[in-house]
Amino acid sequence: MPRAAGLGRAAALGPLLAAHVVAAIEPISVGIALGAASALTGYLSYTDLYCRFAECCREEQRLNASALKLELEEKLFGQHLATEVILKALTGFKNNKNPKKPLTLSLHGWAGTGKNFVSQIVAENLHSKGLKSNFVHLFVSTLHFPHEQHIKLYQDQLQGWIRGNVSACASSVFIFDEMDKLHPGVIDAIKPFLDYYEQVDGVSYRKAIFMFLSNAGGDLITKTALDFWRAGRKREDIQLKDLEPVLSVGVFNNKHSGLWRSGLIDRNLIDYFIPFLPLEYKHVKMCVRAEMRARGSAVDEDIVTRVAEEMTFFPKGEKIYSDKGCKTVQSRLDFH
Ligand SMILES: Nc1ncnc2c1ncn2[C@@H]1O[C@H](COP(=O)(O)OP(=O)(O)OP(=O)(O)O)[C@@H](O)[C@H]1O
């Protein structure tokens with residue numbers, strides 16, 4: 001599972017301090033060198049030159065929608081709904097010069113179905129350094145918010161951390177992984193930032209993107225996928241309307257979703273609930289092939305089959321869906 005390097009460093013420093021570190025990124029010597037180079041070259045602005053060496057927050061940078069589309073279509077297997085919705089949501093949001101609120105996406109599905117994988121692709125398409133960018137922040141519930149007795153502290157830290165980072169870069173991306181393990185109420189601390197306000201205490205959050213990742217709702221998604229399969233209907237015929245309403249209600253009523261009775265849902269502040277379907281045997285095989293290619297090896301179909309057959313599938317009778325999705329494919333491949 002991908003993890004952002006930036007957050008560990010930031011969390012260790014404390015949220016507010018870390019935000020200032022992010023805001024004042026580069027040493028003075030780089031500035032002097034760039035100033036001199038800029039004066040010499042004459043035609044490149046200082047900012048242009050600076051941004052060739054250091055990471056800059058380019059708020060107005062447009063999204064290369066066709067590159068994102070291609071990447072999702074080529075790399076993300078078996079997730080026609082997620083591909084479609086993520087493309088639509090990001091393109092619409094980034095093309096809008098004056099969004100009225102930040103974009104909030106809630107990704108749901110079984111383990112290993114591609115939620116973190118997609119977040120990584122999205123992050124890279126928004127900020128070229130992806131999860132390593134100073135403008136992309138990953139929060140992991142069990143790591144950053146482990147203790148139930150510290151909910152108030154976490155809420156204060158979260159607000160300070162988000163305020164600081166959005167002040168430094170309006171188009172910051174915040175990813176909350178393991179939402180289903182987040183103590184109820186923590187996430188409501190960021191509700192004011194997700195609302196339709198022009199500014200909150202002098203900061204506008206309207207260009208930021210928030211992504212919530214969760215296993216909650218995985219059972220509802222599987223049930224729908226299974227109903228389609230049993231009725232002899234194609235997986236690709238499942239539409240967002242078959243799942244989105246069920247998901248939002250299911251998550252709102254689920255005590256272990258991180259969004260239990262959350263104001264984010266009843267104030268309609270989540271723009272899209274994105275279902276990740278359980279992966280089938282053929283998708284697991286696609287993951288094995290992709291991993292072999294990523295390692296620079298030739299695709300060996302015998303190994304592909306062996307790795308896929310080592311995975312376990314459910315439900316008991318039909319054995320259609322991989323219970324870990326593609327999650328253990330990489331480690332299993334090491335043994336072949
Ligand atoms: N649909 C998919 N298409 C292609 N590769 C996938 C897909 N799903 C998972 N993978 C592969 O499996 C790895 C693990 O998946 P990922 O971490 O995205 O799962 P997840 O849905 O976030 O799981 P969890 O809920 O346990 O965090 C990915 O890095 C990727 O290599």
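- Per an unreviewed UniProt entry, the chain is named Torsin, and its organism is Lynx canadensis.
- Here the chain is described in UniProt, under the heading Catalytic activity (unreviewed entry), as follows: "ATP + H2O = ADP + phosphate + H(+)".
- We quote the UniProt Sequence similarities (unreviewed entry) comment for the chain here in full: "Belongs to the ClpA/ClpB family. Torsin subfamily."

1. Some thoughts on the state of the cysteines
In step 1: Scanning the entire structure with this criterion turns up two disulfides.
In step 2: Shown here is the disulfide that connects Cys-57 with Cys-169, its sulfur atoms set 2.1 Å apart. As the torsion about the S-S bond is roughly 75°, the Cys-57-Cys-169 disulfide counts as right-handed. Of this pair, Cys-57 sits in the loop between α4 (46–53) and α5 (65–75) while Cys-169 sits in the loop between α9 (151–168) and β3 (173–177), and the two are 112 residues apart along the sequence.
In step 3: For Cys-57, a relative accessible area of 22% puts it in the partly exposed group.
In step 4: In this model Cys-287 forms its disulfide with Cys-326; the gap between the sulfur atoms is 2.0 Å. Its torsion about the S-S bond being 85°, the disulfide of Cys-287 and Cys-326 is classed as right-handed. Linking Cys-287 in helix α14 (residues 281–294) with Cys-326 in the loop between β7 (321–322) and α16 (329–333), this pair joins segments that are 39 residues apart in sequence.
In step 5: Its relative accessible area of 13% is what places Cys-326 among the buried residues.

2. A word on the domain arrangement of the chain
In step 1: Taken domain by domain, the chain comprises domain 1 (65–276) and domain 2 (281–333).
In step 2: Taken over C-alpha atoms, the centre of domain 1 sits 27 Å from the centre of domain 2.
In step 3: Both sides together, the interface formed by domain 1 and domain 2 hides about 1100 Å², and carbon and sulfur atoms give 69% of it.
In step 4: Per-residue buried area on domain 1 facing domain 2 is highest for Phe-77, Gly-112 and Trp-229; these three make up 44% of the total on that side.
In step 5: Between domain 1 and domain 2 we count one salt bridge in total.
In step 6: Put simply, Arg-230 and Glu-318 hold a salt bridge, and the shortest N to O gap is 2.7 Å.
In step 7: The residue makeup of the side of domain 1 that touches domain 2, split by class, is six nonpolar, three polar and two charged.

Definitions and limits used
Residues numbered from 1 in each chain as written. Predicted model: local features only at pLDDT ≥ 70, side-chain atom pairs only at ≥ 80, totals over all residues. Heavy atoms only, no water. UniProt positions renumbered as here; feature names shortened; annotations may be inferred. Disulfide = S-S within 2.5 Å. Helix = DSSP H or I, 4+ residues; strand = E, 2+ residues; numbered from the N terminus. Buried < 20%, exposed > 50% of the residue type's maximum accessible area, 1.4 Å probe, protein only. Domains from an automatic or database assignment. Buried area = accessible area lost by both parts, 1.4 Å probe. Salt bridge = Lys/Arg side-chain N within 4 Å of Asp/Glu carboxyl O. Nonpolar A, V, L, I, M, F, W, Y, C, P; charged D, E, K, R; others polar.

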